[in-house]
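Inside the fold
For reference, the chains in residue letters:
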Amino acid sequence: MATTKRDYYEVLSVSRTATGEEIKRAYRKLAMKYHPDRAGADQKAEYEVHFKECAEAYEVLSDDTKRQRYDQYGHAGVGGQHDFSHMDVGDIFSMFGLDELFGGGRRRGGGGGAGGRPRGFDLETQVELTLNEIANGTEKTIEFERQDACENCKGSGARPGSSPIVCPQCGGQGRVAQQGFGGMFRMVTTCPNCRGKGSVVKEHCVACAGSGKKQKHRVVNVKIPAGVHEGQAVRVAGEGEAGDGPNAQPGDLHCYIAIKPHPIFTRHNNDLVCQVPVSFAQAALGGKIEVPTLKGREQLDIPGGTQHGEVFKLKGKGLPDIRSHRTGDELVQILIEIPKKLTDRQKQLLKEFSEHDSADGDHLPQRKGFLDKLKEVFKGE
């Protein structure tokens, strides 16, 4: 009897105009929902069908060429592209980079450790740095808690003097095969008895209750190179959690960088930006002004007639590049501050200045240009 396939867009519950990211999100959600490990004993066959149907739909709709053929010719246009009926669930998840979502998959940062045992989980922490520390590089002391291998049983989980035995359910393979949907599908999943280890502990270690791990306080000194950016991570190998079982490779510690706000400077790539307020008279007459840098104070010459918002550059006063080690610049932006209160003498001087001020002169080119444009706009009125 012929079978009818459902429309791939219907399978993933997305519109025909859905973006690639929307399709990916829909697939991940459904793959999580219908993974057979989440099904009850009476639902496994149904979940297998839905799971593989979703995988097939995603395999076509996530590929622009296949999707175009499917939109034009339907299932006939992509017939035989991929047969998911004999693939196990782990292989399907591996194809789409989703194998870390369920037990038996790879853990972040790598696959198996020594002897094929899964490596430990990676850990993350945040390190806050000042701009001065970023400019020079620094060393930070990090304190954290992690799951370490139990010293009493060396991480095996078994009572000292005893050993784990081969798992009777999977025969030491760590995975079991099941037939589903009338024998049409053969699905390989993580063994529920040993959770993929291939062995089980009969006599548990009293120190760790058979888990093979114990909580441990760690203090680590981490060297931070100069020039790091917000969100970058410094990896400390082997400082993550212990792997499963003796001799398993530990995970890593990832220290993510956060930059503490500076009261004066902001960062733009490897440059530092500093806004310096000056008076109207200073901007008009020019002269030396004092500006801050990360290494102290500097004198900056500004020419007469400096405009509000104008930027001057101090070469080599920025931050080093983490790769090339070339140093950025400091960008000094001038802000002209208008006084809110004036003495009588100041008012008199400004009035005298205003009487000699003419918009037709070359000393106010921007205002003159604006007035010329204004005349053109209202010409003839």
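This one's a predicted model, so the numbers in the text were calculated from it and none came from an experiment.

Looking at the packing of aromatic side chains
- Taken as a whole and assessed by the stated rule, the structure comprises five aromatic pairs.
- Relative to F353, the ring of F280 has its centre 6.3 Å away and its plane inclined at 75°; by these criteria the two rings are edge-to-face. Placement of F280 in helix α7 (residues 280-285) and of F353 in helix α8 (residues 344-355) is noted, with a sequence separation of 73 residues between them.
- The class for F353 is partly exposed, based on a relative accessible area of 45%.
- Among the aromatic side chains, those forming a connected cluster through ring pairs are Y8, Y9 and Y70.

Concerning the packing of helix α3 (residues 44-61) against helix α4 (residues 64-73)
- Look at α3 against α4: their axes get within 6 Å of each other, and the N-to-C directions meet at 105°. With respect to α4, the element α3 is oriented roughly perpendicular. Along the contact surface, α3 presents E59, V60 and L61, while α4 presents K66, R67 and Y70.
- Across the contact of α3 with α4, the residue classes break down as three nonpolar, no polar and three charged.

Things to note about the sheet that holds strand β1 (residues 123-129)
- Across the sheet, three strands lie side by side as β1-β9-β8; this open sheet has mixed pairing. Strands at the two margins of the open sheet, each flanked by one partner only, are β1 and β8 (233-236). Along the sheet, successive strands turn relative to each other by an average axial angle of 25°, direction set aside.
- Relative to strand β9 (residues 253-259), β1 runs parallel, the two being bridged by seven bridges. Each residue of the ladder has a partner; that of L123, found in β9, is L253.

Cut-offs applied
- Residues numbered from 1 in each chain as written.
- Predicted model: local features only at pLDDT ≥ 70, side-chain atom pairs only at ≥ 80, totals over all residues.
- Heavy atoms only, no water.
- Phe/Tyr/Trp six-rings, centres within 6.5 Å; stacked < 30°, edge-to-face > 60°.
- Helix = DSSP H or I, 4+ residues; strand = E, 2+ residues; numbered from the N terminus.
- Buried < 20%, exposed > 50% of the residue type's maximum accessible area, 1.4 Å probe, protein only.
- Axes fitted to C-alpha atoms, helices over the stretch in contact; angles between N-to-C directions.
- Parallel < 35°, antiparallel > 145°, perpendicular 65-115°, else oblique.
- Contact = heavy atoms within 4.5 Å.
- Nonpolar A, V, L, I, M, F, W, Y, C, P; charged D, E, K, R; others polar.
- Pairing = 2+ DSSP bridges.

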